[in-house]
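# Understanding the architecture of this molecule
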Amino acid sequence: MIDGKRVAVVLPAYNAARTLRQTYQEIPHDIVDDVILTDDASKDDTLLIARSLGIHTLAHDENRGYGGNQKSCYESALARGADIVVMLHPDYQYTPRLVTAMASMIASGHYDVVLASRILGRGALAGGMPLYKYFFNRLLTFVQNLLLRQKLSEYHSGYRAFSRELLEKLPLRACSEDFVFDNQMLAQARWFRFRTGEISCPTKYFAEASSINFRRSVTYGLGVLATSFGYRLNRMGLMRSAIFHDRAATLDRGPGEVAESYRAFRRRA
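Summary of the structure given here.

Definitions and cut-offs
- Residues numbered from 1 in each chain as written.
- Predicted model: local features only at pLDDT ≥ 70, side-chain atom pairs only at ≥ 80, totals over all residues.
- Heavy atoms only, no water.
- Helix = DSSP H or I, 4+ residues; strand = E, 2+ residues; numbered from the N terminus.
- Buried < 20%, exposed > 50% of the residue type's maximum accessible area, 1.4 Å probe, protein only.
- Areas by Shrake-Rupley, 256 points an atom, 1.4 Å probe, with all protein chains shown as cover.
- Expected span 1.5 Å × (residues − 1).
- Salt bridge = Lys/Arg side-chain N within 4 Å of Asp/Glu carboxyl O.

On a plain count of helices and strands, the chain comes out with 11 helices and seven strands. Burial analysis of the chain (269 residues in total) assigns 57% to the buried set. Just so you have it, the chain exposes about 11,900 Å², and 54% of that area is on carbon and sulfur atoms.

Right under this line is the structure:
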């Protein structure tokens, strides 16, 4: 807990058995009140290891995708009373030791979302990010900053912290269940005038760390561009996208309704 705010770390997991234990052990449990893992129908022992560590676990009957995994994580965190939610990949690509700093930036009241940037401090290339990924990261970020009228160092980090208010306000259910979910979420945060901060974060690329292949990277990049141009067209009144306007797709349905939905999910898991 930080400044009286309950902190939850959510772990969207898929085949993370080889790195989950190390990730979990480095989470700062002195300030983290809850750790939640959603297993997206992994083919390895991710679920067994998570339960052996005492992590609160959810299990999808079938693979829903990275975005679908996060939706389950956030709904669970809200139902369990989190005020600050930190999303951390369990593949040990990002250091869990920054959870305290990121959560503190939210607790301070200055930011609603905090991104752990691999670009600030030159951590990306030093950590082994493939050169083509670095190039497209910089190119996409440049275009996104122009269209969203922001000045972020990157939009593509998988290490993020959010306030409860932001998670309840954004129409997350209208977002994709694939990798572009991350960028749609940031575009939504910009649309609803939430404040975004960044912190420098080292990163590691190694065999066990999750990564998408070149073909999936291209699909993701096209989705990012579509989201950013869609944002600008919506701002100009030339388009009306559900991810910016669908109030029914928010997670804010009242404590009783969220809790009942969560209990139903647990019964299916």
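Before going further, it helps to spend a moment on helix α9 (residues 214-235). Helical geometry note: an α-helix holds 3.6 residues per turn, so side chains three or four residues apart project in the same direction. With 22 residues, α9 should cover 32 Å at 1.5 Å per step; its first-to-last C-alpha distance of 32 Å lies within 8% of that length. Immediately downstream of α9, the backbone of G237 shows phi near 80 degrees, a positive value.

Scanning all chains against the criterion turns up 10 salt bridges. When the shortest N-O distance is used, the salt bridge between K71 and E177 registers 3.3 Å. One end of the pair, K71, is in helix α3 (residues 66-79); the other, E177, is in the loop between α7 (164-169) and α8 (181-191), with 106 residues separating them in the sequence. The exposure class of K71 is buried, given its relative accessible area of 9%. What makes E177 partly exposed here is its relative accessible area of 31%. In this structure, R118 and E154 form a salt bridge, with 2.8 Å as the shortest nitrogen-oxygen distance. A residue pair is termed long-range when its members are at least 10 positions apart, and R118 in the loop between β5 (113-117) and α5 (123-126) and E154 in the loop between α6 (131-148) and β6 (160-163) qualify at 36 residues. Note on E154: relative accessible area 0%, which makes it buried. Linked by salt bridges that have partners in common, R64, K71 and E177 make up one network.

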